[in-house]
Amino acid sequence: MPTIQEELDRRQLLYSLLMPVMNLYVAGLDKGKGLYFLFVKSESKTPGGLPARPVLTSYYKSHHFRARPFDPYNVYTSPTAAILCADAFQSMYSQMLCGLLDRLAVLRVGAVFASGLLRAIRFLQLHWQEFARDIATGTLSSMVTDAAVRDAVAEVLKPDPGLAEFIVSECAAGDWAGVVTRIWPNTKYLDVIVTGAMAQYIPTLEYYSGGLPMTCTMYASSECYFGLNLRPMCKPREVSYTIMPNMAYFEFLPVDPAAAAASGPPPQLVDLADVEVGQEYELVITTYAGLCRYRVGDILHVTGFHNAAPQFRFVRRKNVLLSIESDKTDEAELQRAVERATELLKPWGATVVEYTSQAETRAIPGHYVIYWELLVKEGEGGRWPGKEVLQACCLEMEEAMNTVYRQSRAADGSIGPLEIRVVRGGTFEELMDYAIARGASINQYKAPRCVTFPPIIELLDSRVVEAHFSPATPEWSPRRNY
Ligand code: AMP
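Computed from a predicted model, the values in this text were never measured in an experiment.

**Structural notes on the packing of helix α6 (residues 114–137) against helix α10 (residues 202–209)**
In the contact formed by α6 and α10, the axes pass within 11 Å of each other and the chain directions differ by 45°. Accordingly, the angle class assigned to the pair α6 and α10 is oblique. In terms of crossing hand, the pair formed by α6 and α10 is left-handed. Only Thr 204, Leu 205 and Tyr 208 of α10 make contact with α6, whose side of the interface consists of Ala 114, Leu 117, Leu 118, Ile 121 and Gln 125.

Here is the structure:
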C-alpha cells in the first residue's frame, strides 16, 4: 500500500482521540498503566527500492510514537525498546515480564486484535516458570539477547521472591480461567478488536478474563485509517464505528444482491454524507497517498449518525470463502454456522478456540472441511465431547448454511457431508508462527478463515486428532427458499 509521511499525522490524530473518548466512560485511567502487546517486523524493500513494512511497524518506529511526550493516560508497561525489538520471541518475553512486574498498576490489557492477546496468554502458559525464575533472582533470561531490551528491562527488574511465588501459585495448577484478572486484578477492560473476523474469540477471551468488557476502539487498515468507536464500552455486537471524514475521501457502493443478480447497470457510488441508515455498502476510498477509488473489500452497515457523521457496523470482508459448486459461503455465514454448532459443545464445557476451513475437492463430490481447535474447561467439570456430539456439530453447521448449499447436499448430492477435523492444541499458533516466518505482522495477523495454500493444509492435516462427518443431510425443501 502506498503511504506518505503526512499520513502519520492523520493516524496520530485518530490515536489521540481514543483516550479522551474512553475517559468519558472509564474514570481514573491516568492513575495506572496499559499492558499492551505490540510488535514490529523487520522491513524489506520493494523491487523499486522503496522501504516496505506493515503499517503498525511504521507507526511504532515513527517519531510520533518513539518520542511521544509523557501522557498519564497513555503509559505502557512495555518499554519502547521491547516493542521495537524485531525478534518476536524476545519482544513478547520482555513485554510479558514487564507486565508481570508492574501487575498492580495495570488498568487495561490489550493488543491490536483479539488473536494477539490470546497469543500473549498462550505465551504466559508456556513460559511462566522462566518468568518466575527471572523475577525471583532479578536477572533477565539469557534467551533475551537484544542489548536495548536488556537495558530497558534491567531498569525495572529487581529480585522479588514474593511476586515469583505468586506467579507460580497462579500458574502451576494449570487453571487458566480468569487468569487475566487474577494476575492483573485492577484491569478494567480488554482493549482488543473483536468485531468482524475476530468475533469468534469472544468466548475464549471471556474465559481467560473472567468476563471483562472488551472495547473495540478503532477501525483501520493498511490502506487508510477509517474511524473510531464513540461508545467503546458497548457490547461487541453493538459496536459502530464513526468514520472520520478527514482521513480520506470516502465513497460507498450500495450492496444490493437482487440488483447484482439482475446484472443491470452497476450501482452508483454514494458520498459519505448521503448514506442511508439500514443500508449496506462496500467501502471505497481515495487516499492522500494515492489510492484512487480503491475498494477496501469491507462491507459496512449504516446504524445511525453522530451529529452529521454516519456510523457503521462492520459486517464482513467481502469475499466468498468456500464454494464446491454453485454454493457460495462467505465469512459471516461460516462464522454463524460455527457459532450455532458451538452451542452443542456448551454442555461439555468446550469451546472452539480457533477455526479455519477448506473446500476439499479432491474427491467427488467435494465437501467442506472445517478445522477446529477445541478448549475443554476441565477445571470446571468440562469433558471432551464424543463422536456423536461432533457429528451433531457437523450437521448443525450444515443446517445453518444457505439454501443453495442445503439443496446441493440434500437434493442434488453434489456436495458431500461436511467434515470437522479436530486439530491438537496449539496448532493455530503454529499456523501463526508459519505466517510470521513468511513475513506476516504479529499485530495485524488474523487466522485465515479458509486455507488453500498446500503447505498450510499439510500442516493442519498433520495435527488432526479426530475427524467426523455429518451423519445425515440437512433439511431442504423447495418451499423453504431462504
Ligand atoms: P490490515 O490492513 O491487514 O490491517 O487489515 C485491515 C482490515 O482488517 C480491514 O479492512 C478490516 O477488514 C479489518 N479490520 C480492521 N479493523 C477492524 C475492526 N475494528 N473491526 C473489524 N474488522 C477490522
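**Details of the sheet that holds strand β1 (residues 33–37)**
Reading across from one edge, β1-β4-β5-β6 is the order of the four strands in this open sheet, with parallel pairing throughout. Here the strands that pair on one side only, and so sit at the sheet edges, are β1 and β6 (214–215). Examined bridge by bridge, strand β5 (residues 189–193) and β6 share two bridges and lie parallel to one another. Paired with Leu 190 across the two strands is Met 214, which belongs to β6. In the packing of helix α5 (residues 88–101) onto the sheet, contacts are made with β1 and β4 (106–113), and the angle to β1 comes to roughly 155°.

**Things to note about the pairing of strand β19 (residues 419–423)**
The element β19 is extensively covered by neighbouring structure, given that five of its five residues are classed as buried. Of the two faces of β19, the one lined by Glu 419, Arg 421 and Val 423 and the one lined by Ile 420 and Val 422 are each fully buried. Pairing analysis gives five bridges linking β19 to strand β20 (residues 464–469), with the strands arranged antiparallel. What sits directly across from Val 422, in β20, is Glu 466.

**Details of empty space enclosed by the protein**
Summed over the entire model, instances satisfying the criterion amount to one cavity of 30 Å³ or more. Its volume calculated, the largest cavity comes out at about 50 Å³. Every residue lining the largest cavity is listed: Phe 37, Met 96, Val 109, Leu 117, Ile 121, Leu 124, Val 179, Val 180 and Trp 184. With three residues, the single largest contributor to the lining of the largest cavity is α6. In terms of residue class, the lining of the largest cavity is made up of nine nonpolar, no polar and no charged.

**Points about the environment of Thr 195**
Examined against the element boundaries, Thr 195 turns out to sit in the loop between β5 and α10. Taking relative accessible area as the criterion, Thr 195 reaches 14% and is therefore assigned buried. The sequence separation of Thr 195 and Ser 477 amounts to 282 residues, and the corresponding C-alpha distance is 34 Å. In contact with Thr 195, other than residues within four places in its own chain, are Cys 216, Pro 236, Val 239 and Tyr 241. Among the polar contacts listed, one links the side chain of Thr 195 to the side chain of Tyr 241, at a separation of 2.8 Å.

**What to know about the UniProt feature "domain: GH3 C-terminal" (unreviewed entry) in the chain**
Mapped onto this numbering, the UniProt entry gives "domain: GH3 C-terminal" (unreviewed entry) at residues 333–453. When the span residues 333–453 is considered, its composition is 38% helix and 21% strand, and the gap between its end C-alpha atoms is 22 Å.

**What to know about the environment of Glu 7**
Note that Glu 7 resides in helix α1 (residues 7–23). Assessed through its relative accessible area of 2%, Glu 7 is described here as buried. Contact partners of Glu 7, with chain neighbours within four places excluded, come to Met 247 and Tyr 288.

**Some points on helix α12 (residues 331–343)**
In a regular helix each residue adds 1.5 Å, so 13 residues correspond to 18 Å; α12 covers 19 Å between its end C-alpha atoms and thus fits that length. Along α12, the positions that sit buried rather than exposed are Glu 331, Glu 333, Leu 334, Gln 335, Ala 337, Val 338, Ala 341 and Thr 342. Looking at the packing, one finds that the buried side of α12 touches β14 (309–317), β15 (320–322), β16 (329–330), β17 (350–360), β18 (367–376) and α13 (387–400). Between the side-chain oxygen at the start of α12 and the backbone nitrogen of Ala 332 there is a gap of 3.1 Å, and the oxygen is on Asp 330.

**As for the pattern of salt bridges**
Tallied over the full model, the rule gives 21 salt bridges. A salt bridge links Arg 10 to Glu 6; the shortest N-O distance between them is 2.3 Å. Assessed through its relative accessible area of 39%, Glu 6 is described here as partly exposed. Across the pair Arg 409 and Glu 398 runs a salt bridge, and its minimum N-O distance is 2.6 Å. Of this pair, Arg 409 sits in helix α14 (residues 403–412) while Glu 398 sits in helix α13, and the two are eleven residues apart along the sequence. Take Arg 409: its relative accessible area is 7%, and that puts it in the buried class. Taking relative accessible area as the criterion, Glu 398 reaches 0% and is therefore assigned buried.

**With respect to the site of the ligand**
The environment of the ligand is made up of 16 residues, and the closest members are Thr 195, Met 218, Ser 222, Tyr 241 and Asp 298. Between Ser 222 and the ligand, the recorded distance is 2.5 Å, taken from a side-chain N or O atom to an oxygen atom. Side-chain polar atom of Asp 298 to an oxygen atom of the ligand: 2.7 Å apart, as the coordinates give it. Contact with the protein chains covers 88% of the free accessible surface of the ligand, which is 490 Å². Among the secondary structure elements, those contributing two or more residues to the shell around the ligand are β7 (218–220), β13 (294–306) and β14. Ranked by residues supplied to the shell around the ligand, first place goes to β7 with three residues.

**Let's talk about the nonpolar core**
Side chains of nonpolar character tend, in soluble globular proteins, to be buried together. In terms of nonpolar packing, the biggest core is built from 115 residues, with Leu 124, Phe 250, Phe 252 and Leu 283 touching the most fellow members. Per-element accounting of this core gives the leading share, eleven residues, to α6. With near-sequence residues (within four places) excluded, Phe 250 lies in contact with Cys 224, Tyr 225, Phe 226, Ile 243, Met 244, Pro 245, Asp 271, Leu 272, Leu 283, Val 284 and Ile 285. Ala 337, Leu 374, Leu 390 and Met 397 belong to the second largest nonpolar core, which has 29 residues in total.

Criteria and thresholds
- Residues numbered from 1 in each chain as written.
- Predicted model: local features only at pLDDT ≥ 70, side-chain atom pairs only at ≥ 80, totals over all residues.
- Heavy atoms only, no water.
- Axes fitted to C-alpha atoms, helices over the stretch in contact; angles between N-to-C directions.
- Helix = DSSP H or I, 4+ residues; strand = E, 2+ residues; numbered from the N terminus.
- Parallel < 35°, antiparallel > 145°, perpendicular 65-115°, else oblique.
- Left-handed = near helix turned anticlockwise from the far one by under 90°.
- Contact = heavy atoms within 4.5 Å.
- Pairing = 2+ DSSP bridges.
- Buried < 20%, exposed > 50% of the residue type's maximum accessible area, 1.4 Å probe, protein only.
- 1 Å grid on protein atoms, 1.4 Å probe; cavity = no way out; pocket = protein on both sides within 12 Å on 5 of 7 lines; lining within 4 Å.
- Points joined across faces, edges and corners; volume = space filled by probe spheres on them.
- Nonpolar A, V, L, I, M, F, W, Y, C, P; charged D, E, K, R; others polar.
- Polar contact = N/O pair within 3.5 Å; in protein donor to acceptor, adjacent residues only side chain to side chain.
- UniProt positions renumbered as here; feature names shortened; annotations may be inferred.
- Expected span 1.5 Å × (residues − 1).
- Salt bridge = Lys/Arg side-chain N within 4 Å of Asp/Glu carboxyl O.
- Near = heavy atom within 4 Å.
- Areas by Shrake-Rupley, 256 points an atom, 1.4 Å probe, with all protein chains shown as cover.
- Core = buried A, V, L, I, M, F, W, Y, C linked by side-chain atoms within 4.5 Å.

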